[in-house]
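Listed below, chain by chain, are the residues.
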Amino acid sequence: MPLSVSDTADHVYAHGLRNQWHPVVPSHFVAPGGLRKLTALGENWLLFRKADGTLSMLADRCPHRGAPLSLGKHLGDRVACWYHGVEVDGSGTVTSVPGLPGCNLEGKTLVTSLPVREVGGAILAYFGDDEHPEPADLTLPEPLTDPAVSAFLCYAEWDVPWRYAMENLLDPMHGAFLHHESHTMYDGDTQAKFRIRETERGYFFEKTDQRGVNFDWVELCRTGVDWVDLSIPYPPSAGPGGPFGIVGMACPVDAERTGVFFWRYRRVDDWQRDTWRFLYKTLIEERHWQVLEQDRVMLEAMPADADQYENLYQHDLGVVRLRRLYQGQAAQQSKAAPQS
Amino acid sequence: MTTEATMWPYLTPHQTRDHEPTPYELKLARTLEEIFTHDGHELADVVGGLNARQVRTPSGEPWTEETFRTEMHRLGA
């Protein structure tokens, strides 16, 4: 069952925008020859990988009686539902109905199969609704494709609405407060003025009076997948190579849960690259994790109606812009009658 | 293979290591941070800083630029 245009705009806004790519889980979550159940955009899905590495993503729903295929058996190039043995291949086509050979289900493509790509150690999938099954153009974040950049993926699961996770990224000023005790965001002014600068692929939200000191700017990029790019200075202890960047993405799991993807990257080569990677694995990753946990603790503690009763100020322009963008798109993607 | 366990939430602090750092690796990493903080960011600073602090290669030798590059490539690739 594909995502439906008859869902309300509120449902779409709560569960994630359609007709674009989203990250779902790290690639290593589904081994060669493995199955992996997951939830994304409020629906249940099955990742299915053949022994040669080929990956498919199917609706986790047998076309026969709706049993979860994820409880079934991996048969190499197809999955067999545990309930009645109906076999489905990676394209969502029924290849066999063992209980009734020749059954008219055989040969029909009855299970939704989403286009998938793997990049930087993560699986991206295209979530089209029933009117937009063909994948949108996807331009991958250049820090993940540029060979001059060295990146590590950090993936975490938060009990937070996906939009709070994105709003947190469009709110750089929290760095100077929430992360003040961290190893990378202790410095800089705790007062700032911000501006929005439109780009062809999204917008910058940036401090007008400080750059390169704390979390001072962020760019929202909408390139078929939504991602942010930002940069945070390293202290001298991290050695040569300048600041580290973050490419951030979020998977709307359902209305209350989000998978967050952060690629920490640095433009380094030769011994500087190797040394940074060694320090990252040995010492730095754990410190970055502590910073990320500060975000999780704060966002998970936000009340469910946090965005209903606010008093915003100038620093929130980036968040307001993001909400308008996403709410407008959710309304466009819904053909349901607006709720009164 | 059947479906892998899907434990929510996945909150794993270390996602890039293939082993716990050895005492040698921890000492080397901490010394490198100290050198980068106090001595400088050039390769010569690093090699000089390690040798001045009596931190040796795994075979017990003083570091050279070449042995440092080789070891970082092994540990950081």
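A. A look at the overall build of chain A. The secondary structure content of chain A amounts to six helices and 18 strands. By the compact-globule yardstick of 20 Å for 340 residues, chain A fits well, its C-alpha radius of gyration being 22 Å. Here the C-alpha coordinates of chain A stretch approximately 70 × 55 × 35 Å along the principal axes. A buried classification covers 57% of the 340 residues belonging to chain A. Considering only contacts within chain A whose residues lie at least 6 apart along the sequence, 57% involve residues at least 24 apart. Accessible surface for chain A amounts to roughly 14,200 Å². Of this, 50% is attributable to carbon and sulfur atoms. Across chain A, 32 positive and 46 negative side-chain charges occur, with their mean positions spaced 3 Å apart.

B. Quick look at the interface of chain B and chain A. Between chain B and chain A, the contact holds 38 residues from the first and 47 residues from the second. Approximately 3,700 Å² of surface area, both sides summed, lies buried where chain B meets chain A, with 58% of it carried by carbon and sulfur atoms. If you look at where chain B meets chain A, you find 14 residue pairs in polar contact (both at pLDDT 80 or more). At the level of secondary structure, the elements contributing two or more residues to the side of chain B that touches chain A comprise α1 (23-38), α2 (43-52) and α3 (65-76) of chain B. With nine residues, α1 of chain B is the single largest residue contributor to the side of chain B that touches chain A. For the side of chain B that touches chain A, the class distribution of residues is 20 nonpolar, 11 polar and seven charged.

C. How the structure looks around the sheet that holds strand β8 (residues 94-96) of chain A. Residue and element names in this part refer to chain A. Spatial ordering of the open sheet is given by β5-β6-β7-β8, a layout of four strands whose pairing is antiparallel. The sheet terminates laterally at β5 (73-74) and β8, the two strands that pair on one side only. Bridge count between β5 and strand β6 (residues 78-80): two bridges; the pairing is antiparallel. In the strand pairing of β6, Lys-73 is matched with Ala-80.

D. The sheet that holds strand β11 (residues 122-127) of chain A, seen in detail. Residue and element names in this part refer to chain A. The antiparallel open sheet is built from three strands, whose spatial order is β1-β11-β10. In this open sheet, the two edge strands, each paired with only one partner strand, are β1 (20-26) and β10 (116-119). Between one strand axis and the next, the sheet turns by 30° as a mean value, whatever way the strands run. Of the pairings in the sheet, the one linking β1 to β11 comprises five bridges and is antiparallel in character. Looking at β11, one finds that Gln-20 is bridged to Phe-127.

E. Local environment of the nonpolar core. Ranked by internal contacts, the top residues of the largest apolar core, which has 64 residues, are Trp-158, Met-166 and Leu-170 of chain A together with Leu-28, Leu-32, Leu-50 and Phe-68 of chain B. A per-element tally of this core places helix α5 (residues 270-300) of chain A first, with 11 residues. Excluding anything up to four places from it in sequence, Leu-50 of chain B contacts Leu-28, Thr-31, Leu-32, Ile-35, Val-55, Trp-63 and Phe-68 of chain B. Grouped together as the second largest cluster of nonpolar side chains are 54 residues, Trp-21, Leu-35, Tyr-155 and Cys-251 of chain A included.

F. Layout of the packing of aromatic side chains. Residues and elements named next belong to chain A. Applying the stated criterion across every chain, the model contains 17 aromatic pairs over all chains. For the ring pair Tyr-155 and Phe-261, a centre distance of 4.7 Å and an interplane angle of 50° mean the geometry is tilted. Here the residue Tyr-155 occupies a position in strand β12 (residues 149-158), and Phe-261 occupies one in strand β18 (residues 258-267), the gap between them amounting to 106 residues. Taken as a pair, Tyr-155 and Phe-261 share a single burial class, namely buried. Relative to Tyr-326, the ring of Trp-162 lies with its centre 5.0 Å away and its plane at 50°, an arrangement referred to as tilted. Placement of Trp-162 in helix α3 (residues 162-169) and of Tyr-326 in helix α6 (residues 317-333) is noted, with a sequence separation of 164 residues between them.

G. Representation of α1 of chain B in the model. With 16 residues, α1 of chain B should cover 22 Å at 1.5 Å per step; its first-to-last C-alpha distance of 22 Å lies within 8% of that length. Within the span of α1 of chain B, buried status applies to Glu-25, Leu-28, Ala-29, Thr-31, Leu-32, Glu-33, Ile-35 and Phe-36 of chain B. Of the surrounding elements, those touching the buried residues of α1 of chain B are α5 of chain A together with α2 and α3 of chain B. Residue Gly-40 of chain B follows α1 of chain B closely and has a positive phi angle near 145°.

The rules behind each value
Residues numbered from 1 in each chain as written. Chains lettered and ligands numbered in written order. Predicted model: local features only at pLDDT ≥ 70, side-chain atom pairs only at ≥ 80, totals over all residues. Heavy atoms only, no water. Helix = DSSP H or I, 4+ residues; strand = E, 2+ residues; numbered from the N terminus. Rg over C-alpha atoms; globule rule 2.2 N^0.38 Å. Buried < 20%, exposed > 50% of the residue type's maximum accessible area, 1.4 Å probe, protein only. Contact = heavy atoms within 4.5 Å. Areas by Shrake-Rupley, 256 points an atom, 1.4 Å probe, with all protein chains shown as cover. Lys, Arg positive; Asp, Glu negative; His and termini not counted. Charge placed at Lys NZ, Arg CZ, Asp CG, Glu CD. Buried area = accessible area lost by both parts, 1.4 Å probe. Polar contact = N/O pair within 3.5 Å; in protein donor to acceptor, adjacent residues only side chain to side chain. Nonpolar A, V, L, I, M, F, W, Y, C, P; charged D, E, K, R; others polar. Pairing = 2+ DSSP bridges. Axes fitted to C-alpha atoms, helices over the stretch in contact; angles between N-to-C directions. Core = buried A, V, L, I, M, F, W, Y, C linked by side-chain atoms within 4.5 Å. Phe/Tyr/Trp six-rings, centres within 6.5 Å; stacked < 30°, edge-to-face > 60°. Expected span 1.5 Å × (residues − 1).

Any functional reading would require information that these geometric values do not contain.
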